[in-house]
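Single-letter residue listing:
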Amino acid sequence: MTTSNSIRRKIVIGAGAAAAASAFPTSLVRAQPAKIKLGLLLPATGTYAALGAAITNGFRLAIDQQGGKLGGREIEYVAVDSEANPAKGPENTNRLVQRDKVDVLIGPVHSGVAMGMAKIARETGTLLLVANAGAGAVTGPMCAPNIFRTSFTNWQPTYPLGKVMVERKQKTAVWISWKYAAGEEAGQGFREGFEKAGGKVVKELWVPFPGVEFQALLAEIASIKPDAVACFFAGGGAAKFIKDYAAAGLKGKIPLYGSGFLTDGVLGGVKDEAQGILTTLHYADALPFKRDEEFRRDYAVAYKLQPDVYAVQGYDTGLLLAQAMKAVKGEIGDMKGIIKAMEGATVDSPRGKWTMSKAHNPIQDIYLREVVGEQNKYLSVAAKQLADPARGCKM
Ligand code: BEZ
């Protein structure tokens, strides 16, 4: 077929379509733009299951508040259970990208899963929004224009904890955690902050993830007799650790501190054992913000639950995506426009307003909190507008 023929053919088809269109109500013939596909890779089972549910709830609330659309486009969710299993991270991410053809990847909770997701996001150019996992590498050596985090790095909550503890006259500390990236990096952040302020980490103790056999290590802590203990645990394992710490007779003798994941989302199941624990995190209960009050009210109405830090991170992921999709008028293919909008965004979060660092991680306040009743009660700002050092990120 000659070029002029093919042009004519197109014109004829166009004329036919126009004629057909005039015969039907426009609502029936107007082509619907494709739905935006969101691939959620979050834990639905295991020790982090509740964290995955809270992120999903928060995300959906933000989207529902936009009328259930992004940039005017309908949405389709594809959810896969990550099982918080790093070995399955690459396979699950590939499934979402190659088979389900999602436009955006959202997740995960576990730092090891995040490494697999980030690798595939880098290879395929798929937009990845990290809604929890704090793995430093994701916004460090693996940083990329299409990867954004809406949560924290593992370093961020524990670096200010060190100073808080020294101010409370704790000179020596034992660090205890699960042995994987989140616990190791949180431990490094803690050591950096604690020793810079004049403290000394006298011992590091490790438990394989997601194990909860703490007794032998708690006995070791009792024999070391440090001034204090600092830790990273989260979800179901954190609740068990708090109970075992008290059962071992350490509560009231050696003060327990942690990044706030220790006590966020777990206080319904541990009450007396958790009272008085001090933690640092980028969210707290009873923050003095109207924005937070509104969010907590809306979340409670929607889910009959109180939100926690994971719900806030999910919510902020939805806010950031909605803001960017509005900027590109729903053009999910306009990656340049989306990146520009996300890099320049100020997220009006329940945790307080935050912005993106050059490495695409939140620059945010870290709060000191104390467990009072079932709340992680806000006490003060432990670090103002803290940015992760983003070591190794070249963008
Ligand atoms: C992590 O693996 O990065 C992580 C998991 C739960 C809470 C915080 C961090």
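Here is a short report on the structure shown in this document. Because the structure is a prediction, the values reported are computed rather than measured.

Cut-offs used in this document
- Here the residue numbers are simple positions, counted from 1 along each chain's written sequence.
- Restriction of local features to residues with pLDDT of at least 70 applies here, the model being predicted, together with a cutoff of 80 or more for giving and counting side-chain atom pairs; totals for whole chains, interfaces and linings are based on all residues.
- In computing side-chain values, all of the structure's heavy atoms are included and hydrogens and water are not.
- Distances are taken per atom, and a residue is near a molecule or strand as soon as one of its heavy atoms is within 4 Å of it.
- By the criterion applied in these results, polar contacts are pairs of N or O atoms within 3.5 Å in which, for protein atoms, one can donate a hydrogen and the other can accept it, and in which residues neighboring in sequence qualify only through two side-chain atoms.
- Residue exposure ignores everything except the shown protein chains as possible cover, and the areas themselves are Shrake-Rupley values with a 1.4 Å probe.
- Using protein atoms alone on a 1 Å grid, points that fit a 1.4 Å probe yet trap it form a cavity, whereas open point sets bounded by protein on both sides within 12 Å along at least five of seven lines form a pocket; residues with an atom within 4 Å of a point count as lining.
- Think of it this way: a molecule belongs to a cavity or pocket when more than half its atoms come within 2 Å of the grid points there.
- Any residue outside Ala, Val, Leu, Ile, Met, Phe, Trp, Tyr, Cys, Pro, Asp, Glu, Lys and Arg is labelled polar, Gly included; the first ten of those are nonpolar and the last four are charged.
- Where each domain begins and ends is defined by an automated method or by a domain database.
- A pair is scored as a salt bridge if a Lys or Arg side-chain nitrogen falls within 4 Å of a carboxyl oxygen belonging to Asp or Glu.
- When accessible area is computed with a 1.4 Å probe and restricted to protein chains, residues below 20% of their type maximum are described as buried, those above 50% as exposed, and intermediate ones as partly exposed.
- Each Phe, Tyr or Trp ring, with Trp reduced to its six-membered ring, pairs with another whose centre is within 6.5 Å; inter-plane angles below 30 degrees give stacked pairs, above 60 give edge-to-face pairs, and intermediate values give tilted ones.
- Numbered from the N terminus, helices here are DSSP runs of H or I no shorter than four residues, and strands are runs of E no shorter than two.
- Both a distance and an angle decide whether a charge sits over a ring: NZ of Lys or CZ of Arg must be within 6 Å of the ring centre and within 35 degrees of the ring normal.
- Put simply, a disulfide is two cysteine sulfurs that come within 2.5 Å.

### Things to note about the site of the ligand
And step 1. Around the ligand sit 15 residues in total, of which Val109, His110, Ser111, Gly134 and Tyr180 are the nearest.
And step 2. The backbone of Val109 places a nitrogen or oxygen atom 3.4 Å from an oxygen atom of the ligand.
And step 3. Side-chain polar atom of Tyr180 to an oxygen atom of the ligand: 2.5 Å apart, as the coordinates give it.
And step 4. Notes on the ligand: free accessible area 270 Å², of which the protein chains cover 100%.
And step 5. Mapping the ligand onto the cavity grids shows that it belongs to the largest cavity.
And step 6. Class assignment for the residues of the shell around the ligand results in 10 nonpolar, five polar and no charged.
And step 7. Residue-level mapping places the shell around the ligand at the junction of two domains, with at least three residues from each of domain 1 (36-152 + 286-364) and domain 2 (155-281).

### Some details on the pattern of salt bridges
And step 1. Under the counting rule described, the total for this entry stands at 19 salt bridges.
And step 2. Of the charged contacts in the structure, one is a salt bridge between Asp100 and Arg99, with a shortest N-O distance of 3.1 Å.
And step 3. Residue class for Arg99 comes out exposed when judged on its relative accessible area of 55%.
And step 4. In this structure, Lys203 engages Glu220 in a salt bridge whose closest nitrogen and oxygen atoms are separated by 3.7 Å.

### Re the packing of aromatic side chains
Between two aromatic rings, the relevant description is the distance of the centres plus the angle of the planes.
And step 1. Per the stated rule, a full pass over the model turns up 21 aromatic pairs.
And step 2. Consider the rings of Tyr48 and Phe209, whose centres lie 5.3 Å apart with planes at 40°: the pair is tilted. Taken as a pair, Tyr48 in the loop between β1 (36-42) and α3 (49-64) and Phe209 in the loop between β7 (200-207) and α8 (215-224) lie far apart in primary sequence, 161 residues in all.
And step 3. On the numbers, 6.4 Å between centres and 70° between planes, the contact of Trp178 with Phe232 is edge-to-face. Of the two residues, Trp178 sits in strand β6 (residues 172-178) while Phe232 sits in strand β8 (residues 228-232), which places them 54 residues apart along the sequence.
And step 4. Taking relative accessible area as the criterion, Trp178 reaches 0% and is therefore assigned buried.
And step 5. Here Phe232 falls in the buried class, since its relative accessible area comes to 5%.
And step 6. Three or more aromatic residues link up through ring pairs in this structure, and these residues are Tyr48, Phe152, Trp178, Tyr180, Phe209, Phe214, Phe232, Phe233, Phe241, Tyr245, Phe261 and Tyr310.
And step 7. Looking at Arg60, its charged tip hangs above the ring of Tyr77, at a distance of 4.0 Å from the centre.
And step 8. Here the basic side chain of Lys179 rests over the ring of Trp206, its NZ or CZ set 4.8 Å away from the ring centre.

### What about the state of the cysteines?
And step 1. Using the criterion set out here, one finds one disulfide in the structure.
And step 2. Sulfur-sulfur distance for the disulfide between Cys143 and Cys393 comes to 2.2 Å. For the disulfide bridge between Cys143 and Cys393, the dihedral angle about the S-S bond is near 90°, and by the sign convention the bridge is right-handed. Of this pair, Cys143 sits in the loop between β4 (127-130) and β5 (147-149) while Cys393 is found in the segment after β14 (375-386), placing the two residues 250 residues apart along the sequence.

So yeah, pure geometry; function would need other evidence.
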